[in-house]
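Letter by letter, the chains look like this.
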Amino acid sequence: MVLDLDAVAGYLKSSLPSDGPYTLTMDRTNWKFGEVNINALVLGIAYDHMSFPILFRLLPKRGNSNCKERINIMQRFIRLFGRDSIKCLVADREFVGNEWFKWLNDNAIQYHIRIRDNFWVEDPRTNRKIRAQHIFANLKHGEERVLYRIYRVCGELCYLSGAVIKDKTGKPEPQILVSFCRPEESLPAYKERWTIKTMFKGLKSSGFNIKDTHMVHINLIEQLFGVVIIAYTWAYCVGIAANIKVKAVRVLNNGRRAISLVKYGLNFIADALLNPFRPSKINVFVFLSCT
């Protein structure tokens, strides 16, 4: 039996507590089994500080995705759910390029994508080129700036915005974004990008442990990935319901939950499977229905 991944995507979307339009998160995760590189391009839907992994493609190679692969996964989303269901797309510095930006612009897809600090940008009124980092050079940590002037990046017209954040080592670094429109929404929207990182962490641990597979054939791994994201979404939806109907997860001083909603839901599912006759305030199995 072959899992219909379009049907899986339909189930995942039907499980969402929101009707959209959605903030889409695009990123890539990879791991290695022996000499085999497993490389997944994933498109998620951000919701409540997490991402639903709505579509994915296993790439038979190492390294970054290319423009064609990104366009294909976006076209598939539009074919299944319509372009009007997209509020915006957020992605990191890997997801840049003139052909890619042109496709997004031509299709009027709002995006907020980070670029490298040393990118050349051009003022179309003067044709003057300047490094992006120089435009935001006088910003201090915690400061933000939105530019309402059009610039040309990778040959395409777009808006720029920037902030200074801390990198993994705690040092300040510029965060420069390009946007198709609504640059004032760029910096808040881009914060949703981290939800897909949280999702990857959940898929690789938290009881799902996708990295532990010993499969090496892309087609089989793709089917397994589909099953795992169904289980992940099931746990996520149960966790959302339990947080509302049973007991809210404690929120820490840093604003994060003491336990993720995915892990919270997974505990409820495990309890229901191990204790089928114990009364529960939540029917965990109803979340597996597409109707």
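The written sequence of each chain sets the order in which its residues are numbered from 1. Where totals are concerned, whole chains, interfaces and linings use all residues; where local detail is concerned, this predicted model gives features only for residues with pLDDT of at least 70, and gives and counts side-chain atom pairs only at 80 or more. Computation of side-chain values: all heavy atoms of the structure, hydrogens and water removed.

### A word on a nonpolar patch on the surface
Here comes step 1: There is a patch of nonpolar side chains on the surface, built from Leu273, Phe285 and Leu288 and spanning about 280 Å² of accessible area.
Here comes step 2: Looking at where Phe285 falls in the secondary structure, it is placed in the segment after α8 (261-274).
Here comes step 3: Residue exposure (1.4 Å probe, protein chains only): buried if accessible area is under 20% of the type maximum, exposed if over 50%, otherwise partly exposed. Overall, the relative accessible area of 43% leaves Phe285 in the partly exposed class. In this scheme, patches are assembled from residues that exceed 30% relative accessible area and form no salt bridge. Like charges are connected within 9 Å, while nonpolar side chains (Val, Leu, Ile, Met, Phe, Trp, Tyr) are connected within 5 Å. Only the protein chains shown count as cover for residues, with accessible areas throughout obtained via the Shrake-Rupley method and a probe of 1.4 Å. By salt bridge we mean one thing: a side-chain nitrogen of Lys or Arg within 4 Å of a carboxyl oxygen of Asp or Glu. The numbering of helices and of strands both runs from the N terminus, where a helix is a DSSP run of H or I of at least 4 residues and a strand a run of E of at least 2.

### A closer look at the packing of aromatic side chains
Here comes step 1: Between the rings of Phe, Tyr and Trp (Trp by its six-membered ring), a pair exists once the centres lie within 6.5 Å; its type follows the angle of the planes, with under 30 degrees stacked, over 60 edge-to-face, and the other angles tilted. All chains considered together, the criterion is met by 10 aromatic pairs.
Here comes step 2: Relative to Tyr111, the ring of Phe101 lies with its centre 5.7 Å away and its plane at 5°, an arrangement referred to as stacked. Here Tyr111 lies in strand β5 (residues 111-115) and Phe101 lies in helix α3 (residues 98-106), a separation of 10 residues in the sequence. Of the two residues examined, Phe101 and Tyr111, each falls in the buried class.
Here comes step 3: Put simply, the rings of Phe52, Phe208, Tyr232 and Tyr236 touch in pairs and so form one group of aromatic residues.
Here comes step 4: Here Arg70 stacks its cationic end above the ring of Trp100, 6.0 Å away from the centre of that ring.
Here comes step 5: Whether a charge sits over a ring comes down to the Lys NZ or Arg CZ being within 6 Å of the ring centre and within 35 degrees of the ring normal. For the cation-ring pair, Arg193 lies above Trp194, with the distance from its terminal atom to the ring centre recorded as 4.6 Å.

### Concerning the environment of Pro53
Here comes step 1: The residue Pro53 is located in strand β3 (residues 50-59) in this model.
Here comes step 2: For Pro53, a relative accessible area of 2% corresponds to the buried category.
Here comes step 3: Whether two residues are in contact is decided by their heavy atoms: any pair within 4.5 Å suffices. Not counting the four nearest positions on each side in its chain, Pro53 is found in contact with Leu12, Val42, Leu43, Gly44, Met199, Ile229, Tyr232 and Thr233.

### Some remarks on helix α1 (residues 5-14)
Here comes step 1: Among the residues of α1, those classed as buried are Leu5, Val8, Ala9, Tyr11 and Leu12. End-on, the buried residues of α1 take up no more than an arc of 160°, which puts them together on one face.
Here comes step 2: Of the surrounding elements, those touching the buried residues of α1 are β3, α2 (67-81) and α7 (218-245).
Here comes step 3: Polar contact is defined as a pair of N or O atoms within 3.5 Å, subject to the rule that within protein one atom must be able to donate a hydrogen and the other to accept it, and that residues adjacent in sequence are counted only when both atoms are side-chain atoms. Between the side-chain oxygen of the N-cap and the backbone nitrogen of Asp6 there are 3.0 Å, and the N-cap of α1 in question is Asp4. By construction, the arc corresponds to the directions joining the helix axis to the C-beta atoms.

### A short note on α2
Here comes step 1: To estimate how far a helix should reach, multiply one less than its number of residues by 1.5 Å. Taking 1.5 Å per residue, 15 residues should reach 21 Å; α2 reaches 21 Å between its end C-alpha atoms and fits that length.
Here comes step 2: Within α2, the full set of buried residues consists of Cys67, Glu69, Arg70, Ile71, Ile73, Met74, Arg76, Phe77 and Phe81.
Here comes step 3: For α2, the capping residue at the N-terminal end is Asn66, with a side-chain oxygen 3.2 Å from the backbone nitrogen of Lys68.
Here comes step 4: Once α2 ends, the next one or two residues include Gly82, with phi positive near 90°.

### Concerning the packing of α1 against α2
Here comes step 1: Close contact between α1 and α2 brings their axes to 11 Å; oriented N to C, the two are set at 65°. Compared by their axis directions, α1 and α2 come out roughly perpendicular. The two elements α1 and α2 cross, and the hand of that crossing is right-handed. Contacts from Leu5, Asp6, Ala9, Gly10 and Lys13 in α1 reach Arg76, Arg79, Leu80 and Phe81 in α2. Inter-axis angles, ranging from 0 to 180 degrees, are taken between N-to-C directions of lines fitted to C-alpha atoms, where helices are fitted over the stretch in contact. Roughly parallel covers angles under 35 degrees, roughly antiparallel covers those over 145, roughly perpendicular covers 65 to 115, and oblique covers all other angles. Crossing chirality is assigned from the near helix's rotation relative to the far helix, an anticlockwise turn below a right angle marking it left-handed and a clockwise turn marking it right-handed.

### Some words on the packing of α2 against α3
Here comes step 1: Look at α2 against α3: their axes get within 9 Å of each other, and the N-to-C directions meet at 20°. In terms of their interaxial angle, α2 and α3 are classed as roughly parallel. The crossing of α2 and α3 is right-handed. Here Cys67, Arg70, Ile71, Met74, Gln75 and Ile78 of α2 come into contact with α3, specifically with Glu99, Trp100 and Trp103.
Here comes step 2: Here the residues of the contact of α2 with α3 sort into 6 nonpolar, 1 polar and 2 charged. Asp, Glu, Lys and Arg are counted as charged, while Ala, Val, Leu, Ile, Met, Phe, Trp, Tyr, Cys and Pro are counted as nonpolar; the rest, among them Gly, fall into the polar class.

### Considerations on the pattern of salt bridges
Opposite charge on two side chains permits pairing when their charged atoms draw close.
Here comes step 1: Evaluation of the coordinates by the stated rule reveals 14 salt bridges.
Here comes step 2: Residues Asp6 and Arg76 are paired through a salt bridge, measuring 2.9 Å at the closest nitrogen-oxygen approach. One end of the pair, Asp6, is in helix α1; the other, Arg76, is in helix α2, and 70 residues separate them in sequence.
Here comes step 3: The buried category is assigned to Arg76, whose relative accessible area is 17%.
Here comes step 4: Ionic contacts of the salt-bridge type, sharing partners, join the residues Asp27, Asp92, Arg93, Arg193 and Lys197 into one network.

### So, the pairing of strand β4 (residues 86-91)
Here comes step 1: Within β4, 5 of the 6 residues are buried, which leaves the element mostly enclosed by the surrounding structure.
Here comes step 2: Here, a strand pair is defined by DSSP locating no fewer than two bridges between the strands. Looking at chain direction, β4 and β5 are connected through 3 bridges and run parallel. Bridge pairing in β5 links Leu89 to Tyr111.
Here comes step 3: Consider the strands pointing away from the viewer: the crossover is right-handed when the path from the first strand over the helix to the second runs clockwise. Considered for its hand, the β-α-β crossover made up of β4, α3 and β5 is right-handed.

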